[in-house]
Amino acid sequence: MCIRDRISTAKYTLVTFLPLSLFEEFSKVTNIYFLVLAMLQMVPSISITGAKPMILMPLSVIILVSMVKNFIEDRKRQKSDSYENNSKALVLQPEGTFAAKEWKEVHVGDIVKVERDRQFPADLVLLSSSNKGICYVETKNLDGETNLKYKKAAKETIQLIKEESDLKSLRGEILYELPNPLLYSFEGTLHIGNSIISLNAEQLLLRGSLLKNTSWVYGIVVYTGAETKVQLNSSKAKPKRSIIEKSTYSQIIKIFVIQFFIGITCSGLGLLWLAINPAKKTYLEINPSANADCQAWLSIKLFASWIFMIVQIVPLSLLVTLEVVRYMQAMRIGWDGAMTSRRTQEAASVQTSSLNEELGMVNCVLSDKTGTLTCNVMTLRKVAVGRLRLGVVGCLLYTSD
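Note that the structure is predicted; figures quoted are calculated from it, not measured. (Residues numbered from 1 in each chain as written. Predicted model: local features only at pLDDT ≥ 70, side-chain atom pairs only at ≥ 80, totals over all residues. Heavy atoms only, no water.)

A few words now on the packing of helix α3 (residues 56–85) against helix α9 (residues 316–335). Two elements in contact, α3 and α9, have axes separated by 10 Å at closest approach and are oriented at 20°. What the angle tells us is that α3 and α9 run roughly parallel. For the crossing formed where α3 meets α9, the hand is left-handed. Taking contact as the criterion, the partners of Pro58, Ile62, Val65, Ser66, Lys69 and Ile72 in α3 are, on α9, Leu316, Leu319, Val320, Glu323, Val324 and Tyr327. Looking at side-chain class alone, the contact of α3 with α9 contains nine nonpolar, one polar and two charged residues. (Axes fitted to C-alpha atoms, helices over the stretch in contact; angles between N-to-C directions. Helix = DSSP H or I, 4+ residues; strand = E, 2+ residues; numbered from the N terminus. Parallel < 35°, antiparallel > 145°, perpendicular 65-115°, else oblique. Left-handed = near helix turned anticlockwise from the far one by under 90°. Contact = heavy atoms within 4.5 Å. Nonpolar A, V, L, I, M, F, W, Y, C, P; charged D, E, K, R; others polar.)

What follows is the structure, given as structure tokens:
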């Protein structure tokens, strides 16, 4: 089976958006709670709204706002995927020349030419390069390391491919391991004529990495699309919950508990009042000679009525406000000129606004002494440790209250 070199990081499709969005929304405790209340409001004997689910209106607004936000953010992912899938790569044609093809049209076995500072369109086996079979790649998109990795083609392929015209007559078979997520592991053999050339991770060029300090390389495609190592290491997009959101839902659950106890207390006091004042309950349409079953039903009715009356203590508007504020923050981040890259002039892009409030927060600092030389350009601007505020102006450290 031929796997197209096409990727997708989106959470939804047109078919799955509605069911997956509803499932995601009703996996939240608050939405389940209000849905149950809406169903109970349709029971005439306990409803205080004339058997009309009035709470469905604010609940629908919350779910609709959240679904619209998720749809817009997923569209951003789809546009990013489309941009990458429609990027151009130089692929060898039968007549021996290279022609530009979209990445999604690249297939296993194609011979590709990649030029300096361009990304590799798929996982390739290095055949030759402008620097005697040697090239350098930057893998910061894969492992975060900015130091360049050294790659070298097999000696046999370097000798076979000295000019571009040699590629037209190249015939052979390549056998290699099945797709796996191990970034630094690869084994295979290249059969050209009577020669058997051993291949290893030193010849593997991974999708997502950049060619550096080398004019061009030739490589043969071995993994494409979802079978590339970078895709096998990437997990599907999952719903993300920030610290504030988790804390908010925790507080809402506490409010539910308080609401439950208020309902129990008030319904108990109501039953006590009815027992003390038997002559004053005619307007409540309660039969004084009710049996135990009717008393049990009365207690349930009183409890449900109190729950419906105090349902407003649950901050429904807070949930809508959180969604709207996060989305507006994401828009402002994209508009902020101070967050534009000076080198590429690209503005900051927010793929998901669920974690806006955690930007800049550091939970722990890890440090190693492996001796690796990197160039992570990070400048301390300001740091808060408890009540202490520290910042740097020029080379001076200052403290602010």
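Another aspect to go through is the pairing of strand β8 (residues 187–192). Of the two faces of β8, the one holding Gly188, Leu190 and Ile192 is buried and the one holding Glu187, Thr189 and His191 is not buried anywhere. As paired strands, strand β7 (residues 173–176) and β8 are joined by four bridges and run antiparallel to one another. By the bridge assignment for β8, leucine 175 is matched with threonine 189. (Buried < 20%, exposed > 50% of the residue type's maximum accessible area, 1.4 Å probe, protein only. Pairing = 2+ DSSP bridges.)

Here we take up the side chain of threonine 139. Residue position: threonine 139 is located in the loop between β5 (134–138) and α4 (140–143). Relative accessible area serves as the criterion here: at 7%, threonine 139 is assigned to the buried category. Looking at threonine 139, its side chain comes within polar contact range of the side chain of lysine 149, at 2.9 Å. (Polar contact = N/O pair within 3.5 Å; in protein donor to acceptor, adjacent residues only side chain to side chain.)

Under the definition given, this model contains nine salt bridges. With a shortest N-O distance of 3.0 Å, aspartate 74 and arginine 77 are connected by a salt bridge. Note that aspartate 74 and arginine 77 are positioned in helix α3 at a spacing of three residues, about one turn of the helix. Take aspartate 74 and arginine 77: they sit in the same class, and that class is buried. (Salt bridge = Lys/Arg side-chain N within 4 Å of Asp/Glu carboxyl O.)

Once that is clear, we can look at empty space enclosed by the protein. In this structure the tally under the stated criterion is one cavity of 30 Å³ or more. In this structure, the largest cavity spans a volume of roughly 80 Å³. Lining the largest cavity are Glu25, Lys28, Asn31, Ile62, Ser66, Glu245, Tyr249, Leu319, Leu322, Glu323 and Arg326. Those elements that place two or more of their residues in the lining of the largest cavity are α3, α7 (243–276) and α9. It is α9 that provides the largest number of residues to the lining of the largest cavity, a total of four residues. (1 Å grid on protein atoms, 1.4 Å probe; cavity = no way out; pocket = protein on both sides within 12 Å on 5 of 7 lines; lining within 4 Å. Points joined across faces, edges and corners; volume = space filled by probe spheres on them.)

Attention now moves to a nonpolar patch on the surface. A surface patch of nonpolar side chains, about 530 Å² in accessible area, is lined by Val29, Ile253, Val257, Phe260, Phe261 and Ile264. Of the residues forming the nonpolar patch, the biggest block, five residues, is contributed by α7. Inspection of the secondary structure assignment puts phenylalanine 260 in helix α7. Accessibility expressed as a relative area gives 41% for phenylalanine 260, which makes it partly exposed. (Patch = residues over 30% accessible without salt bridge, like charges linked within 9 Å, V, L, I, M, F, W, Y side chains within 5 Å. Areas by Shrake-Rupley, 256 points an atom, 1.4 Å probe, with all protein chains shown as cover.)

Turning next to the sheet that holds strand β2 (residues 98–102). The strand order β2-β1-β3-β12-β4-β10 describes an open sheet built from six strands, whose pairing is antiparallel. The outermost strands of the open sheet, each flanked by one partner alone, are β2 and β10 (204–205). Of the strand pairs in this sheet, strand β4 (residues 123–129) and β10 are connected by two bridges, and their pairing is antiparallel. The residue of β10 that forms the bridge with leucine 124 is leucine 205.

A few words now on the environment of glutamate 323. Mapping glutamate 323 onto the fold places it in helix α9. For glutamate 323, a relative accessible area of 10% corresponds to the buried category. Between the alpha carbons of glutamate 323 and isoleucine 62 there is a distance of 8.6 Å; along the sequence they are 261 residues apart. Excluding its chain neighbours within four sequence positions, the residues that come into contact with glutamate 323 are Lys28, Val65, Ser66 and Lys69.

Another aspect to go through is the side chain of lysine 113. Within the secondary structure, lysine 113 sits in strand β3 (residues 111–115). Glutamate 164 provides the closest opposite charge to the buried, salt-bridge-free lysine 113, at an N-O distance of 4.0 Å. Once residues within four sequence positions are removed from consideration, lysine 113 is found in contact with Leu90, Phe98, Glu164, Trp216, Val217 and Tyr218. (Lys, Arg positive; Asp, Glu negative; His and termini not counted.)

Our next topic: the sheet that holds strand β9 (residues 195–200). The strand order across the open sheet formed by three strands is β7-β8-β9, and the pairing between neighbours is antiparallel. Each of the sheet's edge strands pairs with one partner strand only, and the pair in question is β7 and β9. When the angles between neighbouring strand axes are averaged without regard to direction, this sheet yields 20°.

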